[in-house]
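# Structural description and commentary
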Amino acid sequence: MVNLESITVDTDNSALIVVDLQKDFCASEQGCAYFERQLIENRDGLTPIQKMIDNYLMPFIDKARKSNLHIVYIQSIYKEGQFQDMPKLCLEGTRGWELYKVNPDSQGQREIVIHKDAHNPFNNGNGLENFLNENNINTLLISGVTTDNCVSATTYVSLGRGYRPIVLADCVATAGYKIVTAHKQKLAEFAAHPDIGLVNSADVHFKA
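Residues numbered from 1 in each chain as written. Predicted model: local features only at pLDDT ≥ 70, side-chain atom pairs only at ≥ 80, totals over all residues. Heavy atoms only, no water.

## Some points on the pairing of strand β6 (residues 164-173)
Buried residues dominate β6, accounting for 9 of its 10 residues. Judged from the 6 bridges that link them, strand β5 (residues 139-145) and β6 form a sheet pairing that is parallel. Directly across from Val 145, in β6, lies its bridge partner Ala 173. Tracing the backbone out of β5, into helix α5 (residues 147-160) and back to the parallel element β6 gives a crossover that is right-handed. Note: β6 against strand β7 (residues 197-199), 3 bridges, orientation parallel. Bridge pairing in β7 links Leu 168 to Val 199. Handedness of the crossover joining β6 and β7 through helix α6 (residues 179-192): right-handed. (Buried < 20%, exposed > 50% of the residue type's maximum accessible area, 1.4 Å probe, protein only. Helix = DSSP H or I, 4+ residues; strand = E, 2+ residues; numbered from the N terminus. Pairing = 2+ DSSP bridges. Right-handed = clockwise from strand over helix to strand, strands pointing away.)

## Some points on the nonpolar core
Within the largest apolar cluster, 66 residues are counted, with the highest numbers of intra-cluster contacts made by Leu 16, Leu 132, Leu 141 and Val 204. The residues touching Val 204, leaving out its near neighbours within four places in the chain, are Ile 7, Val 9, Phe 60, Lys 63, Leu 141, Leu 168 and Val 199. (Core = buried A, V, L, I, M, F, W, Y, C linked by side-chain atoms within 4.5 Å. Contact = heavy atoms within 4.5 Å.)

## Observations regarding the pattern of salt bridges
Within the structure shown, the criterion is met by 14 salt bridges. One salt bridge in this structure joins Lys 178 and Asp 148, with 2.8 Å as the shortest N-O distance. Of this pair, Lys 178 sits in the loop between β6 and α6 while Asp 148 sits in helix α5, placing them 30 residues apart in sequence. Just as Lys 178 is buried, Asp 148 falls in that class too. Look at the salt bridges and you will find they share partners, linking Lys 23, Glu 29, Arg 95 and Glu 98 into a network. (Salt bridge = Lys/Arg side-chain N within 4 Å of Asp/Glu carboxyl O.)

Function-wise, these values are silent; they only describe arrangement.
Printed below as a string of structure tokens:
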């Protein structure tokens, strides 16, 4: 399924995009959307997401920082009722809206938090495209949640805007009950696309 055996990217014109690493999608805490839905519907929503983050994404973020790669954290801000099945998803200022397990370097020049209010991360003049263009970034390493929603939107919209998207296959995940269906189907779709790269994080190498 992975269509690239390995890849070497230039840290000066590449960025790691971390999509929606927020407690509503990732945390086993009361009041957090995926956890509450998991309790109500009695089906796994968090196991593959948390395993992906702990085993692959957090180590890759650390690797990216040590290599001085640009890192963009995409943080959703939704309106109450925007999503019928989770009406309080990512409401600004709530605990579930907060970033999960990451602490962006707000003092540095190569890490930034960008807000979005839809699946598309390039929306409402939120500064994402300006940041990428000002730093001459053309290659995006895409990670985060969820594979079949915002990760997919980020991949296809960035491609349509002229960037080179490379999805980190082991650094994306979706709700547990969809991991063998929507998640795998989306990865297969990425792998089959001639202009989308798909690679495991261990096979990404950096050059300055």
